[in-house]
Amino acid sequence: MTHYVENTHLLFCDFYNRQLVPAMDPVQENSQYPLVSKFILSAFAATVAELVTFPLDLTKTRLQVQGEAGLREHGKPGPARTVYRGMLSTAVGIVREEGPLKLWQGATPAVYRHIVYSGGRMVAYEQLRESVLGKSEDGSFSVWKAAVGGMVSGAFGQFLASPTDLVKVQMQMEGRRRLEGKPPRVRGAYHAFIKIVSEGGIRGLWAGWVPNVQRAALVNLGDLATYDSVKHLLLRHTSLEDNCLCHGLASTCSGLVAATMGTPADVVKTRIMNQPRDSSGRGLLYKSSVDCLVQAVKGEGFLSLYKGFLPTWLRMAPWSMTFWLTFEQIRRAVGISSF
């Protein structure tokens, strides 16, 4: 009887893997320009994931700046005004007071950012994995190499995309500024770019790039390294095949690790990008990312570095799953080998 049950279980698993979740067998790359193709596919998959999960990103940004210690307008001390308290009340408040479409305020520069950021980081990681760091003789890619590759590629992609991230953060905060009776700073993505350049020059577009790059390095250490390592561990040590189930499990792990590692740097990045600036483009609240970190911990406690963690994780989990499933499937559809 036991033998019969075991055989039935094996037959069911085989049917599930082969029929319900078909494996992604290796394919011969037929693209004449594989790097360009991978960049475009990465950007497309990231755009889909960004639009689906953007309301959670907006909620996270609002949470990260509420209660900001020493918040003041144009350098004048004043009490911080806390408009919302939790993730749900923040989202409901945005819909009620600003309208449901405001949940996607800042989505345009966010999409621009991911075209540059995700395209750059994915191509850079694969180049590091295949050509620079190199796989082992058995075809595996060690965890430490995946970690180094993830951090380097994430930092590279984010440095390129930092101007679009700056515009996104400022646009996301416009609704809150109106509720507080403050005049709007920007009217749209194009106006935000022009305003930033006119006030701080080209260098002003990279305001806050240090914590931005730090965050991206940590997030990609969690995202790329975790996904790559977990996926290939599952393929080598379990009966799972290279299919949607395997990709889903790996992306779930990567989203959790990325959110845990990246949230503190994300809080610092958001506050530095959102702070008012003088006529020379210098921040009026924080001297540097370290200063922002110290002020946050002193004024609000260590847990302030994890403000917005829940929406960050709730966003990263579906974002990561949507991105990786879309990315793997469209790679196969156009004849590019599985990641």
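Residues numbered from 1 in each chain as written. Predicted model: local features only at pLDDT ≥ 70, side-chain atom pairs only at ≥ 80, totals over all residues. Heavy atoms only, no water.

Under an unreviewed UniProt entry, the protein chain has the name Mitochondrial uncoupling protein 4 and belongs to Pygocentrus nattereri. Entered under Subunit (unreviewed entry) in the UniProt record, the comment concerning the protein chain runs "Homotetramer." UniProt, in the comment section headed Catalytic activity (unreviewed entry), describes the protein chain in these words: "chloride(in) = chloride(out)". (UniProt positions renumbered as here; feature names shortened; annotations may be inferred.)

A. Quick peek at the environment of Ser142. Position of Ser142 relative to the elements: it lies in the loop between helix H4 (107-132) and helix H5 (143-172). For the pair Ser142 and Arg129, spaced 13 residues apart in the sequence, the C-alpha separation amounts to 9.9 Å. (Helix = DSSP H or I, 4+ residues; strand = E, 2+ residues; numbered from the N terminus.)

B. Representation of helix H8 (residues 209-237). Compared with an ideal rise of 1.5 Å per residue, which puts 29 residues at 42 Å, H8 spans 40 Å between its outermost C-alpha atoms and is within 8% of the ideal. At Asn220, H8 shows its maximal kink, close to 30 degrees. (Expected span 1.5 Å × (residues − 1). Bend = angle between axes of the 7 residues up to and from the residue.)

C. The arrangement of helix H3 (residues 87-98) in detail. Between the first and last C-alpha of H3 there are 16 Å, a value that for twelve residues agrees with the 16 Å anticipated at 1.5 Å per step. Thr90, Gly93, Ile94 and Glu98 are the residues of H3 that are buried. Along H3, the residues classed as buried sweep out an arc of 100 degrees about the axis, all on the same side. When the buried face of H3 is taken as reference, the exposed residues oriented beyond 90 degrees from it are Leu88 and Arg96. A positive phi of about 105 degrees marks Gly99, the residue just after H3. (Buried < 20%, exposed > 50% of the residue type's maximum accessible area, 1.4 Å probe, protein only. Arc of directions from axis to C-beta.)

D. Layout of the packing of aromatic side chains. Per the stated rule, a full pass over the model turns up 14 aromatic pairs. Aromatic pair Tyr306 and Phe309: ring centres 5.9 Å apart, planes at 65 degrees, arrangement edge-to-face. With 5.4 Å between their ring centres and 15 degrees between their planes, Phe323 and Phe327 make a pair best called stacked. Residue Phe323 and its partner Phe327 are both found in helix H11 (residues 309-333); the two are separated by four residues, about one turn of the helix. Relative accessible area serves as the criterion here: at 0%, Phe323 is assigned to the buried category. When the ring centre of Tyr117 is taken as reference, the NZ or CZ atom of Arg113 above it lies at 4.4 Å. Its end group placed over the ring of Phe323, Arg121 keeps NZ or CZ at 5.4 Å from the ring centre. (Phe/Tyr/Trp six-rings, centres within 6.5 Å; stacked < 30°, edge-to-face > 60°. Lys NZ or Arg CZ within 6 Å of the ring centre and 35° of its normal.)

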